[in-house]
Amino acid sequence: MGDDILTIEEVAKYLRVSERTVYDWAQKGEIPAGKIGTVWRFKRSEIEKWVNERLSSNTKPDEANTPVRVRNILSPERIVFINRTTKHDALVELASNLATAPQIKDEKELVSGILQREELMSTAVGRGIAIPHVRLTSVTDLVMSVGICRNDIIDFQPVDDVPVRLLIMIAAAHNQHTYYLQTLSYFSSKLKNKELRDALLATTSEMDAFNLLVKE
């Protein structure tokens, strides 16, 4: 799986950018790519590493147009304690919870979009964290749910082989590209804090978990 070869179309779909953007990045050497004849191809493992590195890095000051305020995009009722053991079941349960948010207008499309995105490439970013995410026309504004897994989810194929226990699920409108990427980066950076991760896993109430996540 890690060495699957992706096309420009598949990489563009995964990154939620145009095929032309991926082509330009490949031409400029800004994304790991290689040519087979005259056609650009991409190794799944290299693209996943590239994305995780970008998600783990801090957002540049000039890109931080809208500060991420967790309490504006998360509420205690969208924190779920999950007892599933497989990626599919955990994602479906959390997506169904996220679909209760007023910003989500089509639960079926959300669940389908999350699962399709995960099939294309794992959203595990290491340290026991996965950040499943999607942008859809049926979403009116960026919103999120959090899954705290009571069991290891072992089939996420994390880059560091640490089983996933924390799920940060983000859905955004199609026109929220910058804020969407900024939010992904924010949580990838915030959850580098081991004390925070351990505290979240030890919580027994949604409100306790919410208070940990909204703390600056």
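Predicted, not measured: the structure shown is a model, and the values here were computed from it. (Residues numbered from 1 in each chain as written. Predicted model: local features only at pLDDT ≥ 70, side-chain atom pairs only at ≥ 80, totals over all residues. Heavy atoms only, no water.)

A.B. asks: How do you make sense of the pattern of salt bridges when you look at a structure like this?
C.D. replies: When their charged atoms lie close together, side chains carrying opposite charge are able to pair. According to the stated counting rule, one finds four salt bridges in the structure shown. Two residues, Asp4 and Arg44, come together in a salt bridge whose shortest N-O distance is 3.4 Å. Of this pair, Asp4 sits in the segment before strand S1 (5-6) while Arg44 sits in helix H3 (residues 44-56), and the two are 40 residues apart along the sequence. Owing to a relative accessible area of 27%, Asp4 belongs among the partly exposed residues under this scheme. A salt bridge links Lys194 to Asp198; the nearest nitrogen and oxygen atoms lie 2.7 Å apart. (Salt bridge = Lys/Arg side-chain N within 4 Å of Asp/Glu carboxyl O. Helix = DSSP H or I, 4+ residues; strand = E, 2+ residues; numbered from the N terminus. Buried < 20%, exposed > 50% of the residue type's maximum accessible area, 1.4 Å probe, protein only.)

A.B. asks: Explain the sheet that holds S1 to me, please; I cannot follow it from the model alone.
C.D. replies: Working definition: the strands of a sheet are paired by backbone hydrogen bonds and lie parallel or antiparallel to each other. Spatially, the three strands line up as an open sheet ordered S1-S3-S2, and their pairing is antiparallel. Edge strands, defined here as strands with exactly one partner in the open sheet, are S1 and strand S2 (34-36). In this structure, S2 lies alongside strand S3 (residues 39-43), joined through three bridges in antiparallel fashion. The partner of Gly34 across the bridge, within S3, is Arg41. Along the sheet, helix H2 (residues 19-28) contacts S2 and S3; its crossing angle with S3, the most-contacted strand, is approximately 85 degrees. (Pairing = 2+ DSSP bridges. Contact = heavy atoms within 4.5 Å. Axes fitted to C-alpha atoms, helices over the stretch in contact; angles between N-to-C directions.)

A.B. asks: Teacher, can you tell me more about the pairing of strand S7 (residues 133-136) here?
C.D. replies: In the case of a regular strand, side chains alternate between the two sheet surfaces. Burial along S7 is two-sided: the face carrying His133 and Arg135 and the face carrying Val134 and Leu136 are both buried. Two elements, S7 and strand S9 (residues 164-173), share four bridges in a ladder whose sense is parallel. What sits directly across from Arg135, in S9, is Ala172.

A.B. asks: Teacher, can you tell me more about the confidence of the model for the protein chain here?
C.D. replies: Low pLDDT means the predicted atomic positions in that stretch should not be read closely. Taken as a whole, the protein chain shows an average pLDDT of 87; of its residues, 93% reach a score of 70 or greater. Here residues 58-64 is modelled with pLDDT under 50, and outside its nearest four sequence neighbours on either side it reaches eight contacts, counting other chains as well. (pLDDT = per-residue confidence, 0-100.)

A.B. asks: Looking at this structure, how should I read the environment of Thr100?
C.D. replies: Residue position: Thr100 is located in the loop between helix H5 (87-98) and helix H6 (107-120). Along the sequence, Thr100 and Ile148 sit 48 residues apart, while their C-alpha atoms lie 18 Å from each other. A polar contact is formed between the side chain of Thr100 and the backbone oxygen of Asn97, at a distance of 2.6 Å. (Polar contact = N/O pair within 3.5 Å; in protein donor to acceptor, adjacent residues only side chain to side chain.)

A.B. asks: Sorry if this is basic, but what is going on with the packing of aromatic side chains here?
C.D. replies: Each pair of aromatic rings is reported with the distance of its centres and the angle of its planes. According to the stated counting rule, one finds two aromatic pairs in the structure shown. On the basis of an interplanar angle of 55 degrees and a centroid distance of 5.6 Å, the ring pair of Trp25 and Trp50 is categorised as tilted. Here the residue Trp25 occupies a position in helix H2, and Trp50 occupies one in helix H3, the gap between them amounting to 25 residues. Looking at Trp50, the relative accessible area reads 12%, which means it is buried. When the ring of Tyr186 is compared with that of Phe187, the centres are 5.1 Å apart and the planes differ by 90 degrees; the resulting orientation is edge-to-face. The exposure class of Tyr186 is partly exposed, given its relative accessible area of 22%. Of the residues examined, Phe187 reaches a relative accessible area of 0% and is grouped as buried. (Phe/Tyr/Trp six-rings, centres within 6.5 Å; stacked < 30°, edge-to-face > 60°.)

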